[in-house]
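Architecture at a glance
In case you want the letters, here they are:
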Amino acid sequence: MAKTDANPPLPSFPGEYVLQEVSTDELAKSVKPKQFIHIDQSECIMCEGCVDICPWKCIHMLTPDTVADEDVCTRCALCVDRCPTGVIILGKTGPAPREGDPHQRDANHGYAYGMRF
């Protein structure tokens, strides 16, 4: 196969691999909603605890501003748990569902839908 081949051959699948359609209910249970990281700059004490604990090094302290690289961030929430002042919020986009969300952080951790409890 040439390096510039636009349509490489499909890999072979071992065993009895069966492609099947997944229902929307099953998909909704397994796919997590989009989340965002927000850092309240006015209350940040610049301790750099979030920078130190981030395994992907996606949080950067730039003088008084803290920047989180949203493309690299995996939303593991280690920075949220590490922050001594609680100014880092892991929230979800969109309105909160009435019946609750199985993927949301509960009140014991202090955060849900971008607001501190």
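As the structure is a computational prediction, the values presented were derived from the model and not from experiment.

It is worth spelling out the overall build of the protein chain at this point. Along its length, the protein chain carries three helices and six strands. The order of α-helices and β-strands along the protein chain, N terminus first, is α-β-α-β-β-α-β-β-β. By sequence separation, contacts in the protein chain at least 24 residues apart represent 53% of the contacts at least 6 residues apart.

Looking now at the pairing of strand β2 (residues 59–62). Remember that side chains alternate between the two faces of the sheet whenever the strand is regular. Burial along β2 is one-sided: the residues I59 and M61 are buried and none of H60 and L62 is. Pairing geometry for β2 and strand β3 (residues 65–68), over four bridges, is antiparallel. Following the sheet pairing, M61 is matched in β3 by T66. A loop of two residues connects β2 with β3, the two strands running antiparallel in sequence, and T63 in this loop sits at a positive phi of about 45°.

All right, on to the pattern of salt bridges then. Under the defined criterion, the tally for this structure stands at one salt bridge. Here E70 makes a salt bridge to R75, at a shortest N to O gap of 2.7 Å. Take R75: its relative accessible area is 14%, and that puts it in the buried class.

Right, let's get into the side chain of T66. Structurally, the position occupied by T66 is in strand β3. With relative accessibility at 9%, the residue T66 sits in the buried group. Not counting residues within four places of it along the chain, the set of residues in contact with T66 comprises I39, Q41, C44, M46, I59, H60 and M61.

A few words now on the nonpolar core. With 18 residues, the main nonpolar core has I37, C50, I59, C79, V80, V87 and I88 as its most contacted residues. Contributing elements (two or more residues each) for this core: β1 (35–39), α2 (49–53), β2, α3 (78–82) and β4 (88–92). Among residues more than four places away in sequence, those in contact with I37 are A68, E70, C73, C79, I88, I89 and L90.

With that settled, consider the confidence of the model for the protein chain. Averaged over all residues, the pLDDT of the protein chain equals 75, while 73% of them reach at least 70. Of all the helices and strands in the protein chain, strand β5 (residues 111–112) carries the lowest mean pLDDT, 45, while α2 carries the highest, 92. Considering only residues more than four positions removed or in separate chains, one finds that residues 105–117, a stretch of pLDDT under 50, has 41 contacts.

Below, the discussion takes up unusual backbone geometry. Of note, M46 is a non-glycine position whose phi angle comes to about 60°, a positive value. Although it is not a glycine, K57 adopts a positive phi angle of roughly 50°. Mapped onto the fold, K57 is located in the loop between α2 and β2.

Looking at where G49 falls in the secondary structure, it is placed in helix α2. The sequence separation of G49 and P84 amounts to 35 residues, and the corresponding C-alpha distance is 8.1 Å.

Cut-offs applied
Residues numbered from 1 in each chain as written. Predicted model: local features only at pLDDT ≥ 70, side-chain atom pairs only at ≥ 80, totals over all residues. Heavy atoms only, no water. Helix = DSSP H or I, 4+ residues; strand = E, 2+ residues; numbered from the N terminus. Contact = heavy atoms within 4.5 Å. Buried < 20%, exposed > 50% of the residue type's maximum accessible area, 1.4 Å probe, protein only. Pairing = 2+ DSSP bridges. Salt bridge = Lys/Arg side-chain N within 4 Å of Asp/Glu carboxyl O. Core = buried A, V, L, I, M, F, W, Y, C linked by side-chain atoms within 4.5 Å. pLDDT = per-residue confidence, 0-100.

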